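One letter stands for each residue in the lines below.
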Amino acid sequence: MHIENFRSFCLSLPATSESFPFYDDVLVFKVGSKIFALTNLSSDELSVNLKCDPNYALELREEYSCIIPGFHMNKKHWNSVKPNQCLNRELFYDLVRHSYDLVVKKTN
């Protein structure tokens, strides 16, 4: 997975915006004013923080070694995902969409 593929997918989701609200190298994707994905562009390997249902987050962490509690995030609600280590594109995009859907649901 290349960062541009990830970026294009995020921006294809309705009402998504991208910004750099924290640091010049931390790319953030929001729907409305709420974050659903972020990644550090300076990392050698793509790693993305995604919001996740708490129970589903635990299941994913048990099943996939490339999914760990969210780095610098609320570990109950966020996962850090390294898609190039152990996920296929379809599952990774499903996790991005899951994060997006959780945020949309909460803003409505």
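Attention here is on the structure that accompanies the text.

Cut-offs used in this document
Residues numbered from 1 in each chain as written. Predicted model: local features only at pLDDT ≥ 70, side-chain atom pairs only at ≥ 80, totals over all residues. Heavy atoms only, no water. Helix = DSSP H or I, 4+ residues; strand = E, 2+ residues; numbered from the N terminus. Axes fitted to C-alpha atoms, helices over the stretch in contact; angles between N-to-C directions. Parallel < 35°, antiparallel > 145°, perpendicular 65-115°, else oblique. Left-handed = near helix turned anticlockwise from the far one by under 90°. Contact = heavy atoms within 4.5 Å. Nonpolar A, V, L, I, M, F, W, Y, C, P; charged D, E, K, R; others polar. Expected span 1.5 Å × (residues − 1). Buried < 20%, exposed > 50% of the residue type's maximum accessible area, 1.4 Å probe, protein only. Pairing = 2+ DSSP bridges. Disulfide = S-S within 2.5 Å.

Below, the discussion takes up unusual backbone geometry. Notably, Ala-15 is not glycine yet its phi reads approximately 65°, a positive angle. Of note, Ala-15 is situated in the loop between α1 (3–12) and β1 (16–19). Even without glycine at this site, His-72 takes up a positive phi of about 60°. In this structure, His-72 sits in the loop between β5 (67–69) and β6 (78–81).

Moving on, we get to the packing of α1 against helix α4 (residues 89–107). At a minimum axis distance of 11 Å, the contact between α1 and α4 shows a crossing angle of 45°. By the criterion of interaxial angle, the relationship of α1 to α4 is oblique. Handedness of the crossing formed by α1 with α4: right-handed. Note on element contacts: α4 touches α1 through Arg-89, Phe-92, Tyr-93, Val-96 and Arg-97, opposite Asn-5, Phe-6, Phe-9 and Cys-10. A per-class count over the contact of α1 with α4 returns six nonpolar, one polar and two charged.

The next point concerns α4. Across its 19 residues, α4 extends 27 Å between first and last C-alpha, which sits within 8% of the 27 Å expected from 1.5 Å per residue. When α4 is considered as a whole, its buried residues turn out to be Leu-91, Phe-92, Tyr-93, Leu-95, Val-96, Ser-99, Tyr-100 and Val-103.

Quick look at the pairing of strand β4 (residues 48–51) now. Judged by which residues are buried, β4 turns out to be covered on both faces: Val-48 and Leu-50 on one side and Asn-49 and Lys-51 on the other are all buried. Here three bridges tie strand β3 (residues 34–40) to β4, and the two strands are oriented antiparallel to one another. Following the sheet pairing, Leu-38 is matched in β4 by Asn-49. Inspection of the sheet shows β4 paired to β6 by four bridges, in the antiparallel sense. Following the sheet pairing, Asn-49 is matched in β6 by Ser-80.

With that settled, the discussion passes to the state of the cysteines. Applying the stated criterion to the full structure yields one disulfide. Covalent S-S linkage joins Cys-66 and Cys-86, the inter-sulfur distance amounting to 1.9 Å. Disulfide Cys-66 to Cys-86: torsion about the S-S bond roughly -75°, handedness left-handed. Placement of the pair is Cys-66 in the loop between α2 (54–63) and β5 and Cys-86 in helix α3 (residues 83–86), with a sequence separation of 20 residues. Exposure remark for Cys-86: the relative accessible area of 29% places this residue in the partly exposed category. Free of any disulfide, Cys-10 has its nearest neighbouring cysteine sulfur in Cys-52, separated by 15 Å. Free of any disulfide, Cys-52 has its nearest neighbouring cysteine sulfur in Cys-66, separated by 13 Å. In this structure Cys-52 comes out as buried when scored by relative accessible area, which is 4%.

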